Amino acid sequence: MCPQKPIHIFTTTVLQLLSTYPKLPKRQNTSLLHIGYVVLFFLLSSCSYYYAESSHQTTQVRVTDIPADSSTSAIIAPYKSALDGEMNAIVAELAVDMKKGKPESTLGNFICDVIVKQGEKVTGKKIDFGVYNYGGIRQDNLSAGPITKGKIFELLPFENFGAIVTLDGPSTLLLIQKIINEEGWPISSGLRIVVKNNLPETILINNEPFDQTKTYVVVMNDYMAGGGDNSAFLVGQKVEILGATIRDMMLQYLADETGAGRKIYSKMDGRITYAE
């Protein structure tokens, strides 16, 4: 903090001294003044200033109608053209409309079934079921017909990798309860949940009753496996991160199906239901 009062006293004193000795030779008078300025400079240079915001005002300014810079446009044009060509490439044909919703949806079912198939293909392991956080799906619907690579990027824009998580019985039950609490996260066909009073009344995993003494292998994204979306109970579990993003797994599945001459299907089949 700057010592304002002492500096004021010092300055006043110097001026008084100068007026007290008017008969001093001009040279000495000037020297005294210079000495005073030097001392004052060092006092000021030792000061530090602190600012505290008392209020602020925010103004939103919309910038429109800015002409494109021709030189910049010329530089990016070849890259934009190549990227547009890649993103507009058709990667598959959907046989049906797919929509996002809770507690179950054709779009959510489709994504979870794909990550199970691709996870098993990559690891060679049997996966009991797949689950995906609802917020990780960023399109509300996909229309039947040709679908582009760009649309898959819009559907799954995050750089989340596939993750295989091995859960004991109690941890699996926590995951199922989390699915219920979210009013239905997307799950694969290997899991069936009947809900009553916001609790799982019936759980079937691969058509067998849930067994709390068993371990289950679950595929999801690494964001969830790391505790994201309020899934802290998954932290510390045995996790195998796959060498591909969820989006890449999806694109590979679509390429395989298209290469085999098959269209892409999905349906609702009662994965999460509510008891009367």
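What this report covers is the structure whose coordinates are included nearby. Since we're looking at a predicted model, the values are computed, not measured. (Residues numbered from 1 in each chain as written. Predicted model: local features only at pLDDT ≥ 70, side-chain atom pairs only at ≥ 80, totals over all residues. Heavy atoms only, no water.)

## Let's talk about the overall build of the protein
- Regarding its fold elements, the protein presents 8 helices and 12 strands.
- When each of the 276 residues of the protein is scored for burial, the buried share is 37%.
- Counting every atom, the protein has about 16,800 Å² of accessible surface; 56% of that belongs to carbon and sulfur. (Helix = DSSP H or I, 4+ residues; strand = E, 2+ residues; numbered from the N terminus. Buried < 20%, exposed > 50% of the residue type's maximum accessible area, 1.4 Å probe, protein only. Areas by Shrake-Rupley, 256 points an atom, 1.4 Å probe, with all protein chains shown as cover.)

## Considerations on the sheet that holds strand S9 (residues 208–209)
- Strands sit in the order S9-S8-S7-S12 across an open sheet of 4 strands; the sheet is mixed. Looking at strand neighbours, the two that pair on one side only are S9 and strand S12 (272–274), the edges of this open sheet.
- Where strand S8 (residues 199–205) and S9 come together, 2 bridges link them in antiparallel fashion. When the bridges of S9 are listed, isoleucine 205 appears paired with glutamate 208.
- Where helix H6 (residues 169–181) meets the sheet, it contacts strand S7 (191–196), S8 and S12, and its direction lies at approximately 120° from that of S8. (Pairing = 2+ DSSP bridges. Contact = heavy atoms within 4.5 Å. Axes fitted to C-alpha atoms, helices over the stretch in contact; angles between N-to-C directions.)

## What about the pattern of salt bridges?
- Considering all chains together, one arrives at 13 salt bridges under this definition.
- A salt bridge links arginine 271 to aspartate 269; its shortest N-O distance comes to 2.8 Å.
- Within this structure, Asp113, Arg192, Asp269 and Arg271 form a network of salt bridges that share partners. (Salt bridge = Lys/Arg side-chain N within 4 Å of Asp/Glu carboxyl O.)

## What about H6?
- If you check H6, its first and last C-alpha atoms are 18 Å apart, about what 13 residues at 1.5 Å a residue would give, namely 18 Å.
- Those residues of H6 that fall on the buried side of the exposure criterion are Gly169, Ser171, Thr172, Leu175, Ile176, Gln177, Lys178, Ile179 and Ile180.
- Looking at the packing, one finds that the buried side of H6 touches strand S3 (129–130), strand S6 (161–167), S7, S8, strand S10 (216–221) and S12.
- Remark: glutamate 183 follows H6 within two positions and exhibits a positive phi of approximately 65°. (Expected span 1.5 Å × (residues − 1).)

## Comments concerning the side chain of arginine 271
- Considering the arrangement of structural elements, one finds arginine 271 in the loop between helix H8 (246–259) and S12.
- The exposure class of arginine 271 is buried, given its relative accessible area of 2%.
- Separated by 2.8 Å, the side chain of arginine 271 and the backbone oxygen of isoleucine 187 make a polar contact.
- Within polar-contact distance, the side chain of arginine 271 engages the side chain of aspartate 269 at 2.8 Å.
- Setting aside anything within four residues of it in sequence, one finds arginine 271 in contact with Glu104, Asn109, Asp113, Ile187, Ser188, Ser189, Leu191, Arg192 and Ile193. (Polar contact = N/O pair within 3.5 Å; in protein donor to acceptor, adjacent residues only side chain to side chain.)

## A word on the pairing of S8
- In this sheet, S8 lies alongside S7 in antiparallel orientation, the contact comprising 6 bridges. Opposite lysine 196, over in S8, you have leucine 199 as the bridge partner.
- Between the end of S8 and the start of S9, which pair antiparallel, lie 2 residues, with asparagine 206 showing a positive phi angle near 55°.

## Regarding the environment of glycine 259
- In this fold, glycine 259 is placed in helix H8.
- By relative accessible area, which is 69% here, glycine 259 ends up exposed.
- With 168 residues separating them in the primary sequence, glycine 259 and valine 91 have C-alpha atoms 9.7 Å apart.

## Some details on the nonpolar core
- Of all hydrophobic cores here, the largest spans 31 residues; its most connected members are Phe110, Ile111 and Leu254.
- Those elements that provide at least two residues to this core are strand S1 (90–94), helix H4 (106–123), helix H5 (149–155), S10, strand S11 (238–245) and H8.
- At 7 residues, H4 tops the list of elements feeding residues into this core.
- Among residues more than four places away in sequence, those in contact with phenylalanine 110 are Met98, Met250, Tyr253, Leu254, Ile264, Tyr265 and Ser266.
- Ranked by size, the runner-up nonpolar core spans 24 residues in total, among them Val131, Ile187, Ile203 and Met224. (Core = buried A, V, L, I, M, F, W, Y, C linked by side-chain atoms within 4.5 Å.)

## Quick word on H4
- If you check H4, its first and last C-alpha atoms are 26 Å apart, about what 18 residues at 1.5 Å a residue would give, namely 26 Å.
- Burial runs high along H4: 14 of the 18 residues are buried.
- Positioned one or two residues after H4, glycine 124 has a phi angle of 75°, which is positive.

## Quick notes on the sheet that holds S10
- Spatially, S3-S10-S6-S11 is the arrangement adopted by the 4 strands of the open sheet, whose pairing is mixed. Each having just a single partner strand, S3 and S11 make up the two edges of the open sheet.
- Set on the sheet, H4 makes contact with S3, S6, S10 and S11; between it and S11 the angle comes to about 95°.

## Observations regarding the packing of H4 against H8
- Two numbers describe how H4 lies on H8: the axes approach to 9 Å, and their chain directions differ by 85°. Taken together, the axes of H4 and H8 are roughly perpendicular relative to one another. Residues Phe110, Ile111, Val114, Ile115, Lys117, Gln118, Gly119 and Lys121 of H4 form the contact with H8, whose own contacting residues are Ile246, Met249, Met250, Gln252, Tyr253, Leu254 and Asp256.
- Tallied by class, residues from the contact of H4 with H8 come to 9 nonpolar, 3 polar and 3 charged. (Parallel < 35°, antiparallel > 145°, perpendicular 65-115°, else oblique. Nonpolar A, V, L, I, M, F, W, Y, C, P; charged D, E, K, R; others polar.)

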